[in-house]
Amino acid sequence: MSGLQNAQDFIRALKASSDPPHAGGPLKIDIAAEAWANAALYVPNKAEAIVEWILTRLLKDKSKDRSSNPVRDSRYWALLSRVLAFSGADKHGDRGRALRTWLVPLLNRVPIAPIILSYLESAATEESLDSSQHSLFTQCIGVLWPLAVPKINPETLLECFGAALHLVVALRNPSLSDGSLQSLDDRRALSLIVSSYRAALTNSGSKRKQLYALFLKHLECWLQVTTWSTEGSSAQLSLASDIYDAGIETVFGLDVLKQVTDQKHESALADSLERTLKTCPETVLRPLPRLFASYVRAVKRHKSALFGQGSSQAPGHIAEQLQVAGMAFYGSCAALARVGDDDVSWRCRVALLEVVESENLLNIKDEQAKTLLRQDGDMAVDSLTTASDARCSDRLDSAARVLTLLTRIDYDIMSTKAAAIFPRLVAVPSAIASALQYLELLLEFDSKTRNLPTSIAHLSGAFSVHHLQRIPGGPPTVYKAASAGPLTSLRFFDRLSGAVHSFLTPGQILETIGHVSRILTDAYELFLEQDSKVSADRGEGPRKKRKKDAPMSQDRTEPEYRAISFALIAQTMVVVLRSVPLHTLAQDVRLEAQRAIANIYSSVALKALRDGLMVSGQAESWHWQIVLTGALRLHYGLVSAPGLESQLPLDQAILRAMLSLISSGIIPELTVETFRILLHQCSLDTFSPSDVLEKLLAHLEAHLPSHKTAWTGKAHTLSSDGDSALALLHLMAQRWLPYLDVWSTPEHRKRFARILTKSNLDKSHTSSILGLNVPVVISRMFHDAQFWELMNIRDSFLAQLNEQTASLDKLNLSELLTGTLSTPRKARQENPHFLAIYDILLLTPSEYLPRPTQVELLRRGFVADALASEALRSPKSEDDRISRRQLLVVREFLRRTIAYLGNVESVMTTEFLYHLTETASAHSQANGAADDDLGAVTMELIDMYQGALIRSAKRGSAEVVTNLVNRYAESYTIEGSSVSSRPSLLLIDYIARESNIKDFPVETVQALRRLYVRMISSSVTHLSSLATGVSRTPLDLDVLDSWSHMQILRRWLGEEVEEDVPLLGQPLAQRLLSWTGDKRQTMALAPIVLSILLQESHAAPSAERAERLQYVMVVYISLVRLCGRQDTTSLESRLGTACRTFSPEDFSVLLDLLCEALPVGSGLSTEDVASLIRFSAVVLRDAPESTSKICQSFTTRSLNLFADDKRFTSVVSLRSEVMDFVVRQCNERPASLRTADLSSLWSILRALLAGSPAHEETTDIAVFHGVVNTLGALVRLRRDLILNTLPHLGFALRQLTSCLRSLRPQLGGKQRRLVLDTLPRWLAPSHALGASESKALARLLTTLTTKTMVRSGAGGEPQKPESLVRPFSKHATYVLIAYVEAVNDPLCFIAMPVRRELQPGLYALCDMLGEHNRDAMMVSALDAGGKATMKALWKEYEKQRYVGKG
């Protein structure tokens, strides 16, 4: 004990003046630790003595160096933590003293705040944080701080709070070794300090101002933590949020806010922020908007105390003072944000304005505030001058958002700047959505104020030449930039068109047309004038003599800019002219407006076309091509406008000039516009279409690009003849195919079909290409029914497909497959072309292909498959162009065509089946998505053909099946056979599912027996180790699947179970349930293991079958847990296949076991019970023969169980499965329902539709559709049962109609509760039912009027189709009343789409009701509002009712 024998020696050692007390002896901390650990040493109040010594040592030596500072020595904190964690034990001499009784006086003597300050400050200056030491520090502070904090003054708490801030900031410094706030694994100490400071701040009273002044010293650190308060984990966010709240309470407390009147508060805080801004601008700017929002909220919270003094103030005085104070603080924040011009500064300005908007801080009478906001707007307008600089996109977006926010706050702030803003928006990139939002706001305001002519004037003025010349890069660059800007975007044109059509007043129409006429005329005349000057200067045109007294013109504008200005003005103004609401004008004024528009056409569009096309060589220059493009757009917009009735023709000379212009090397944009006008003129019978089609097809044949070329869909991005060809193909597909079908000659159609079939539709190479390309355009064309309904084009297209695949007929399929014929070199070269044709055929609807053509293409497809398979096996470089995807396309076409044709015995050969079985093995060994898809399609083809062979064998032709089975049997004896085992398993599945052993001759049965023996011998060696439970034996999916199918085949053959055959089900299940590997492998193994268990239960002795079946149920539940409830399709498939072969006795035992396990209180969880309900539904769906009574009994018991326990309709997982069970029984097995089942059914439906005080977070739409489907099935299929319970049906329909209601916004708590109590539990108030649910209910109501046959399963007299119109007519009244009440409910509403979709069902109810019952309902059941709603409904019903007059 280091020489210490008693308590006196121990105390004397601790109080010694030197450390260690004796030279060469242990240190005092070691002595104290040893004494604490030694239970035999009795020291009175040992814990108090040690704690006092530690705290005194920490306090006195806190200022020493790092090496000798006990505050940074983990041994002191570790011992202090152990002592404080101990609770009064006799062995330490404390005699059970409570910790608080001696620790509180001790803490009064020894203050711990300086110790904590020293630790936090030293930890903040260290290069890294010692996490273990900090954990010990946190444990100690957790005990000491709550006891010591009452004696700590607020100033000291603020110092501790500041030290904590510095520590947090230091830990986020990236230069530190573990510089992350995440290294603070335990944040309790910091949280305690922050919470204590907040509590002291609340009770500080008059000291708040002093604390505020002291807090400003830590402002920079606090701002940094505030910046991080939205990043990190939840614990970090909680701590940062507490720190932020503590700072806000300090800065914006009531006593501090009262200084707002003398501006002292603002100046002090602003000065501190300004000093910080100079050194760390981002630290200030990022949290500044949040700080501003907190200030506004604080002022609002204390507004009565700040502004409410005095009894003579006006009613709105407080609100005005609040707005003034808010805008004053905004001025300070905005001044800080305007110091810089970087992206952070602009984002800060946007966020500040968002606070102004959301808090409604602007008083329209406050001119000083408007001036302040206008300064931000002016800076945003100036920033838009950099629109053409791609590096400033973020700044442009922020500037546009500033303008948008200012417009929302008050339109008048920037209304005078609109004429300057529009030109600067010309070159803003279209990706900046905020610019479009700003333009939409301007249109919305001008629409409301009926001031649209002003917007139109600003829009046209934006494209003036002096504005366009400010955009750098030259005329072509200017044209592309302006065409891609927001002023020429389709979205803006749509908004402009809608605004003009809806809000342009009749008195403004002629004025607007006149303004547009002047703008277009002036733009074109200025272009002509400038072009003539340039031509005269070059000596290419007449030079006019200048009058001596005329002033010399100084206009040096290039004609290209004049051309661009005219084209852009024409593009935008034609939108206005097309949308003018002429229908609102009187007849004479309308004629005048039409004449004015016709005059615009003749004086601008027609004149420009004549000047550009009829003058030789004029159209060769780029600027004239731009002018012609604008003139053509203006022409097409006017001639295709729906409201203009005047004819605007083009003469033949202009049309011929346009046709000859196409081949003269014009810009692609003009090419597309020219063809569009020519095609339109052909549709008006003013021009011959033959020459136009000739030119069009020639252009497509010469320039249609490859599949890698893409087009964005915007005309200004057309940069080559290939782009123009792609645009023309898109134009033809969207608009002109019906005309092509009528105009074209057979040769034209053949050429067009050749263009389509030449294209490669393989989208795997173009998936990363954005925009339109040739495969996308052609695929959309083939997906459009219009293409296939055009008989001439369709016949030519199919003839071309037939012609291009005809060469495959020359190859012998049998010789190709057997290898006796080598593939000709020409066929190998044409392989990619043949396979590309099948890409097209895969998009061809089978209904439009004649059956003989399908058969021919099917035969050729077999040859193409053989060629592609050989090419994939070939190592030659010339076959590298063939991919597995192309083979997949061919086989998918074969699969789809065979499924459509049905009978394939005469088409598919046995050699091709053998070829598929051999290639299936290669696909199963390959990896990749394409190989998986190819393998799946191949197996479907094999299964389809094997099914056809078995059907043929049942009719007597069994030789092929016998040979096929023998081939499969041999493959099980050959090691590494090229034949996959999967086809044989498919054959076994089909035989067991669709046939009986008596259907086949003896030879086929013997072959199947040989296959059974070979399957056993090939797998029993490998699987015998599994039966012993050896967990290291690998699981081979193919071997296990073969084993399960061997058991199926054994049962089908009637063979006895051999004694040496191992039982694998339970060992496999145990290994699978403890599986820790890949989930995908688990999902693949699960159905195989379940199938093996089911087959072994078949073969078990009768005394053990119940136990085996129960084990199957347990394994199914466990597998559903592993795989998830959504991935049980394969499990259900194997379960259904096995259930169909059950004997009635075994099936009855299984259902009895299910009945015992289904009650919720039977020991299973609700998720497991839900799995058993699904298990029951699958079992009933695939019930064996002669079990109808057993199924009826089980259905009755299940429905009674579901009706008696409300958990089956309230727990989400149970409710979903119960609803699916009921829907399946009513739809798939309606004959199994009896009258006794209806009481349970109605109880279940009533529980699902009844009102509930509690509601789920999201609406379960499946419940609504499930109820509707159940009622629909009962009405259609079991009308005989419904007739006795029509009141219940009426109640269900009333409840379903009531569920369509939506809550009105901003309801009070009691009002909201009144509505919610009438809605079912699964209907969330925030997610109301939509139009699709209303449509389903309308379909159900319409079904009431449909005549159907009853499917009761009982024989008797022939039935007569009937409906429920007459029986239900007495109950239709109450359903209509429910609808009327829902519509007139003051707390709810039914959305218009929902009402629209429900109308057919309501009309069916009105048809049942009749006029007499309607009048009775109006008198007795409806109030004034209900009568008005019913009258409106009946009026609409009368409009659509058939009265027998045609």
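The structure we're discussing is the one just above.
These numbers come from a predicted model, not from an experiment.

Caption draft 1: Main features of the packing of aromatic side chains. Under the counting rule described, the total for this entry stands at 34 aromatic pairs. Relative to phenylalanine 1175, the ring of tyrosine 1116 lies with its centre 4.9 Å away and its plane at 70°, an arrangement referred to as edge-to-face. With tyrosine 1116 in helix 53 (residues 1102–1123) and phenylalanine 1175 in helix 56 (residues 1166–1181), this pair connects stretches of sequence that are 59 residues apart. Judged by relative accessible area, tyrosine 1116 falls into the buried class, the value being 0%. Ring pairs connect the aromatic residues Phe252, Phe292, Tyr295, Phe329 and Tyr330, which therefore count as one cluster.

Caption draft 2: Local environment of the side chain of arginine 1215. For arginine 1215, the position within the fold is in helix 59 (residues 1212–1228). Setting aside residues no more than four positions away along its own chain, arginine 1215 makes contact with Phe1208, Thr1209, Ser1210, Leu1248, Glu1256, Asp1260, Val1263 and Trp1322.

Caption draft 3: Quick peek at helix 68 (residues 1424–1440). Under the 1.5 Å per step criterion, the end-to-end length of helix 68 is 25 Å for 17 residues, consistent within 8% with the ideal 24 Å. Where helix 68 is concerned, the buried positions are Gly1426, Thr1429, Met1430, Leu1433, Trp1434 and Tyr1437. Seen end-on, helix 68 carries its buried residues on one side only, within an arc spanning 130°. Exposed positions of helix 68 whose direction lies more than 90 degrees from the buried face are Ala1424, Lys1431, Lys1435 and Lys1439. Among the structural elements, helix 66 (1365–1384) and helix 67 (1392–1420) are those in contact with the buried residues of helix 68.

Caption draft 4: The pattern of salt bridges, seen in detail. Scanning the entire structure with this criterion turns up 57 salt bridges. The closest approach of N and O atoms between arginine 1174 and glutamate 1217, which form a salt bridge, is 3.1 Å. One end of the pair, arginine 1174, is in helix 56; the other, glutamate 1217, is in helix 59, and 43 residues separate them in sequence. Classification of arginine 1174 as buried rests on a relative accessible area of 18%. With a shortest N-O distance of 3.0 Å, aspartate 1280 and arginine 1278 are connected by a salt bridge.

Caption draft 5: Spatial organisation of the packing of helix 51 (residues 1065–1073) against helix 53. One way to put it is that helix 51 packs onto helix 53 with a least axis distance of 11 Å and a crossing angle of 20°. In this view, helix 51 runs roughly parallel relative to helix 53, as classed from their interaxial angle. At the point where helix 51 passes helix 53, the crossing takes the left-handed sense. Of helix 53, the residues touching helix 51 (which contributes Gln1066, Ala1069, Gln1070, Leu1072 and Leu1073) are Arg1108, Tyr1111, Val1115, Ser1118, Leu1119 and Leu1122.

Caption draft 6: Layout of the nonpolar core. Judged by nonpolar contacts, the single largest core of 469 residues is most densely connected at Leu1289, Leu1293, Phe1368 and Met1430. Ranked by the residues each element gives to this core, the list is headed by helix 29 (residues 559–579), at 13 residues. Apart from the residues within four sequence positions on either side, leucine 1289 is in contact with Trp1242, Leu1271, Val1275, Ile1282, Leu1344, Leu1364 and Phe1368.

The rules behind the values
Residues numbered from 1 in each chain as written. Predicted model: local features only at pLDDT ≥ 70, side-chain atom pairs only at ≥ 80, totals over all residues. Heavy atoms only, no water. Phe/Tyr/Trp six-rings, centres within 6.5 Å; stacked < 30°, edge-to-face > 60°. Helix = DSSP H or I, 4+ residues; strand = E, 2+ residues; numbered from the N terminus. Buried < 20%, exposed > 50% of the residue type's maximum accessible area, 1.4 Å probe, protein only. Contact = heavy atoms within 4.5 Å. Expected span 1.5 Å × (residues − 1). Arc of directions from axis to C-beta. Salt bridge = Lys/Arg side-chain N within 4 Å of Asp/Glu carboxyl O. Axes fitted to C-alpha atoms, helices over the stretch in contact; angles between N-to-C directions. Parallel < 35°, antiparallel > 145°, perpendicular 65-115°, else oblique. Left-handed = near helix turned anticlockwise from the far one by under 90°. Core = buried A, V, L, I, M, F, W, Y, C linked by side-chain atoms within 4.5 Å.

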